[in-house]
Amino acid sequence: MVLAADTKTVGHPGVGRVLVVVPTYNEADNVSRIVARVRAAAPGVDILVADDNSPDGTGAICDRLAGADPHVHVLHRPGKEGLGAAYLAGFAWARQRGYDAVVEMDADGSHAPEDLPALLDAAREADVVIGSRWTRGARVVNWPWHRLLLSRCGNLYARLALGMPVSDATGGYRVYRSRALDAIDLASVRSQGYAFQVELSRLAHRAGVRMVEVPITFVEREHGDSKMSPLIVAEALWRITSWGLRDRRAAARRPEALARWP
Ligand SMILES: Nc1nc2c(ncn2[C@@H]2O[C@H](COP(=O)(O)OP(=O)(O)O[C@H]3O[C@H](CO)[C@@H](O)[C@H](O)[C@@H]3O)[C@@H](O)[C@H]2O)c(=O)[nH]1
């Protein structure tokens with residue numbers, strides 16, 4: 001199935017060589033499907049699955065996929081360390097191999113690979129592209145009401161606390177041009193869970209890189225379970241609050257910066 005995909009096209013026009021990083025923890029029912037969909041939707045991109053030694057055998061499935069397709073790679077990590085650590089390891093892997101852009105994508109099909117060409121097109125004119133659920137033209141399908149509420153409230157809080165003009169700072173479907181990753185101090189990143197997405201949005205905004213949002217259709221997973229937990233929500237709340245307070249204290253020391261606070 002994967003072998004049928006094009007192996008000759010390289011990268012994306014106007015962007016260069018692209019690596020899609022897919023973090024996985026217990027995604028045995030999803031990982032083959034997502035790899036096949038990415039290969040069909042964007043035949044020129046490479047894929048790196050960053051697996052945290054999933055007990056359900058996701059890593060072994062990825063080894064088979066990688067053995068059958070030179071565009072597919074696996075990073076085996078020793079244990080569950082959170083989404084943020086898996087992405088940082090994937091970014092480092094991409095940098096060492098000279099990729100021009102890195103894509104973040106969930107393994108469960110929530111982020112439609114069919115939207116990827118539009119995100120990569122937008123990356124021609126931007127350093128960071130966020131696939132947004134909360135901008136005009138976006139759709140969210142089958143998400144339970146409590147997740148909708150959490151995402152809307154979380155994004156509103158992040159926007160107000162951090163003064164970022166981003167509608168979906170928690171969203172995990174993104175393109176980072178390598179020059180954006182160079183501009184961001186990745187060594188300072190501390191978030192482990194989904195706060196990672198907000199932290200990178202904040203660092204990109206502060207670094208002054210060009211960020212754009214592209215509407216996506218986000219679909220709730222059909223197989224496997226979300227890794228969302230009260231701890232992940234608590235980490236996001238705590239980190240956003242402390243970044244917001246720190247930014248306001250810094251702005252108070254520079255009164256000219258206060259004008260931009262909402
Ligand atoms: N390697 C690794 N991967 C992980 C870990 N925790 C989660 N993942 C992987 O990260 C992806 C996202 O996790 P999900 O559990 O599917 O997230 P969700 O609940 O659907 O959350 C969605 O909403 C969040 C909040 O808006 C988003 O931050 C997130 O990206 C996603 O869109 C999946 O591919 C999952 O396997 C981990 O500790 N290690």
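Predicted, not measured: the structure shown is a model, and the values here were computed from it.

> Would you explain the site of the ligand in this entry?
Near the ligand lie 25 residues; those nearest to it are P23, E27, K80, S226 and K227. Between the ligand and H111, the relevant distance is 3.4 Å, taken from an oxygen atom to a side-chain nitrogen or oxygen of the residue. The fraction of the free accessible surface of the ligand (740 Å²) that becomes covered by protein chains is 98%. Mapping the ligand onto the cavity grids shows that it belongs to the largest pocket. Among the elements of the structure, β1 (18–24) and α3 (83–96) are those that each provide at least two residues to the shell around the ligand. Residues belonging to the shell around the ligand are distributed by class as follows: nine nonpolar, seven polar and nine charged.

> Teacher, can you tell me more about the nonpolar core here?
Grouped burial of nonpolar side chains is what soluble globular proteins tend to show. Counting residues in each nonpolar core, the largest one holds 34 residues, and the members touching the most others are V20, V35, V38, I47, V103, L116 and V175. Only β1, α1 (31–41), β2 (46–51), α2 (58–68), β3 (72–76), β4 (101–104) and α4 (116–122) provide two or more residues apiece to this core. Residue contributions to this core peak at four residues, all from α1. If you look at the next biggest cluster of nonpolar residues, it comprises 33 residues, including I130, L162, A169 and I240.

> Before we go on, may I ask you to explain α1 in this structure?
Each full turn of the α-helix corresponds to 3.6 residues, which orients residues three or four apart in the same direction. Those residues of α1 not exposed but buried are V31, I34, V35, A36, V38 and R39. Those residues of α1 that are buried lie in contact with β1, β2, α2, β3 and α4.

> Is there a simple way to think about a positive patch on the surface in this case?
Together, R246, R249, R253 and R254 make up a region of like positive charge exposed at the surface. Of note, R246 is situated in helix α8 (residues 230–253).

> Sorry, what's going on with empty space enclosed by the protein here?
Evaluation of the coordinates by the stated rule reveals one cavity of 30 Å³ or more. Looking at the largest cavity, its volume works out to about 40 Å³. Residue lining of the largest cavity: F91, A94, R95, Y99, D100, A101, V102, S178 and L181, and that is the complete set.

> Help me out: how do you make sense of the layout of surface pockets in this one?
Volume-wise, the largest pocket comes out at about 1,000 Å³. Lining the largest pocket we find 47 residues, and of these L83, R147, Y194, M228 and I232 sit closest to its centre. Top contributing element to the lining of the largest pocket by residue count: α8, with seven residues. Class assignment of the residues belonging to the lining of the largest pocket gives a composition of 21 nonpolar, 14 polar and twelve charged. Within this model, the second largest pocket holds a volume of roughly 180 Å³.

> What am I meant to see in the confidence of the model for the protein here?
Low pLDDT marks stretches whose predicted atomic positions should not be read closely. Residues of the protein with pLDDT of at least 70 account for 94%, and the chain-wide mean is 92. With a pTM of 0.92, the predicted complex shows an ipTM of 0.95.

> Help me out: how do you make sense of the side chain of R174 in this one?
Within the fold, R174 resides in strand β7 (residues 174–177). For R174, which is buried and forms no salt bridge, the nearest opposite charge comes from E104, at a distance of 4.3 Å. Separated by 2.9 Å, the side chains of R174 and Y176 make a polar contact. One polar contact links the side chain of R174 to the main-chain carbonyl oxygen of Q197, over a distance of 3.2 Å. Once you skip the residues sitting within four places of it in the chain, R174 turns out to touch V102, V103, E104, V129, I130, D168, A169, Q197, L200 and S201.

> Please clarify how the UniProt feature "domain: Glycosyltransferase 2-like" (unreviewed entry) in the protein should be interpreted in this entry.
Taking the UniProt record as the reference, the feature "domain: Glycosyltransferase 2-like" (unreviewed entry) is found at residues 20–183. In residues 20–183, helix accounts for 41% and strand for 20%; the two terminal C-alpha atoms are 20 Å from one another.

About the thresholds
- Residues numbered from 1 in each chain as written.
- Predicted model: local features only at pLDDT ≥ 70, side-chain atom pairs only at ≥ 80, totals over all residues.
- Heavy atoms only, no water.
- Near = heavy atom within 4 Å.
- Polar contact = N/O pair within 3.5 Å; in protein donor to acceptor, adjacent residues only side chain to side chain.
- Areas by Shrake-Rupley, 256 points an atom, 1.4 Å probe, with all protein chains shown as cover.
- 1 Å grid on protein atoms, 1.4 Å probe; cavity = no way out; pocket = protein on both sides within 12 Å on 5 of 7 lines; lining within 4 Å.
- Sits in = over half its atoms within 2 Å of the grid points.
- Helix = DSSP H or I, 4+ residues; strand = E, 2+ residues; numbered from the N terminus.
- Nonpolar A, V, L, I, M, F, W, Y, C, P; charged D, E, K, R; others polar.
- Core = buried A, V, L, I, M, F, W, Y, C linked by side-chain atoms within 4.5 Å.
- Buried < 20%, exposed > 50% of the residue type's maximum accessible area, 1.4 Å probe, protein only.
- Contact = heavy atoms within 4.5 Å.
- Patch = residues over 30% accessible without salt bridge, like charges linked within 9 Å, V, L, I, M, F, W, Y side chains within 5 Å.
- Salt bridge = Lys/Arg side-chain N within 4 Å of Asp/Glu carboxyl O.
- Lys, Arg positive; Asp, Glu negative; His and termini not counted.
- Charge placed at Lys NZ, Arg CZ, Asp CG, Glu CD.
- Points joined across faces, edges and corners; volume = space filled by probe spheres on them.
- pLDDT = per-residue confidence, 0-100.
- UniProt positions renumbered as here; feature names shortened; annotations may be inferred.

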